[in-house]
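What the coordinates show
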Amino acid sequence: MKKIITIGEIVVEIMAVETGNGFRSAIPLIGPFASGAPAIFIDQAAKLGQPCGIVSTVGNDDFGALNVERLRNDGADVSAIAVHPTAATGSAFVRYRQDGNRDFIFNIKHSACSAIGLTPAAEALVETADHLHIMGSALFSDGIVAAIHEATRRIKAKGGTVSFDPNIRKEMLELPGMREALGHALENTDLFMPSGAEIFLFTKATDEKVAVAELLARGIKAVVIKRGAEGASYFDASGATLAPAFKVEEVDPTGAGDSFGAAFVTCWLRGMAADKALVIANATGARAVGVKGPMEGTSSMAEIEAFLAARNLSGV
Ligand code: ADP
């Protein structure tokens, strides 16, 4: 089976129990939960039984240890997670507002994960990989961008593939070098996985069909657009497929896109037809939104099969 790797942040998330605005008074919090978009992605791939691993750095603290244990127990290769001697593991505090928007306080840029780089252990992991998944959220330091460039070069040189989820918060777009880093990722992408309108960050087109056609003409093999509660679409040179989302109660959308992405990439690497892969990825996303906590809603293949069987669908 093909081995997937990603490079990027591992953090803990601490969530407000009740909805409301911000953190300016004492409120009940829950956590720490294992988190970080690349970590959620790789945990989900591991749970589906795909060989996979992550290049990252955590602090020498409980927040780091809980993440590493979680990823290891779920089957990911954790050999390239470095432990920083002094900096703490990154954290994100999140509170949902009544309207579904979220307030965040991030402590990531100056945490242990800003030291992510291609250590000898990371180089060894890249050596064993067939596929690199790039997440835009990880492109916040020059060191990480350089590590991703080098891993991309090495994996492409041996005939491997790259997927790319821009996964970008608006404020990150203005970071120095961010647009160039996103452009470099796109240039090397085989499978592009934006959410909704994110595709328009990568083209001057204002119509989705035109945007997709332009990206396919630039050499991207396939585009998957994630559409939240609407489901997802797949496009390649032979046409388009839309798969509606499953009807579920949305408890916490954090991690849905990462889980969906891991499921789709896994199915794609296994050579599954796009319509089937979309169904499995939609089921994985739907299960993720039904559970509180960023990585708490990741699924095994048996759980996905049970979810589909309960809806009279057989996935695989
Ligand atoms: P991102 O978090 O990257 O923006 P989305 O919000 O589009 O990604 O969610 C990814 C996938 O998760 C969707 O394509 C869909 O399959 C599933 N999903 C997300 N929200 C819901 C929802 N409310 N109900 C059912 N499925 C959902």
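Summary of the structure given here. (Residues numbered from 1 in each chain as written. Predicted model: local features only at pLDDT ≥ 70, side-chain atom pairs only at ≥ 80, totals over all residues. Heavy atoms only, no water.)

Our focus in this paragraph is the pairing of strand E7 (residues 102-107). Direction of pairing for strand E6 (residues 90-96) relative to E7: antiparallel, over a ladder of six bridges. Its bridge partner lying in E7, Tyr96 is registered against Arg102. Hairpin geometry of E6 and E7 is characterised by an intervening segment of five residues between the two adjacent antiparallel strands and by a positive phi of about 95° at Gly100. (Pairing = 2+ DSSP bridges. Helix = DSSP H or I, 4+ residues; strand = E, 2+ residues; numbered from the N terminus.)

This next bit is on helix H6 (residues 208-217). Listed as buried for H6 are Ala211, Val212 and Leu215. Projected down its long axis, H6 carries its buried residues within an arc of 95°, all on one side. Looking at H6, the residues exposed on the side facing more than 90 degrees away from the buried face are Lys209 and Ala217. Buried residues along H6 sit against helix H5 (178-187), strand E10 (191-192), strand E11 (222-226) and strand E12 (232-236). Its side-chain oxygen at 3.1 Å from the backbone nitrogen of Lys209, Asp207 defines the N-terminal cap of H6. Among the residues trailing H6, Gly219 stands out with phi positive, at a value near 110°. (Buried < 20%, exposed > 50% of the residue type's maximum accessible area, 1.4 Å probe, protein only. Arc of directions from axis to C-beta. Contact = heavy atoms within 4.5 Å. Polar contact = N/O pair within 3.5 Å; in protein donor to acceptor, adjacent residues only side chain to side chain.)

Right, let's talk about the sheet that holds E12 for a bit. Spatial ordering of the open sheet is given by E5-E4-E1-E8-E9-E10-E11-E12-E13, a layout of nine strands whose pairing is mixed. A single partner strand is all that each edge strand has here, and the edge strands are strand E5 (81-84) and strand E13 (239-243). Its contacts with the sheet place helix H2 (residues 62-73) against strand E4 (52-59) and E5, and it is angled at close to 170° to E4. (Axes fitted to C-alpha atoms, helices over the stretch in contact; angles between N-to-C directions.)

Let us look at the packing of aromatic side chains. The full count for this structure, using the stated rule, is seven aromatic pairs. Pairing Phe164 with Phe202 gives two aromatic rings, centres 5.8 Å apart and planes at 85°, and the pair type is edge-to-face. Within this pair, whereas Phe164 is found in strand E9 (residues 161-165), its partner Phe202 is found in the loop between E10 and H6, the two being separated by 38 residues in sequence. Each member of the pair, Phe164 as well as Phe202, is classed as buried. Pairing Phe246 with Phe307 gives two aromatic rings, centres 5.2 Å apart and planes at 90°, and the pair type is edge-to-face. (Phe/Tyr/Trp six-rings, centres within 6.5 Å; stacked < 30°, edge-to-face > 60°.)

This brings us to the sheet that holds E6. The sheet built from four strands is open, its strands ordered E3-E2-E6-E7 with mixed pairing. Both outer strands of the open sheet, strand E3 (29-35) and E7, are each paired with one neighbouring strand and no more. Between one strand axis and the next, the sheet turns by 20° as a mean value, whatever way the strands run. Summarising the sheet, strand E2 (residues 11-16) and E3 pair through five bridges and their orientation is antiparallel. Its bridge partner lying in E3, Val11 is registered against Ser35. On top of the sheet, H2 reaches E2 and E3; it is set at about 55° to E3, its chief contact.

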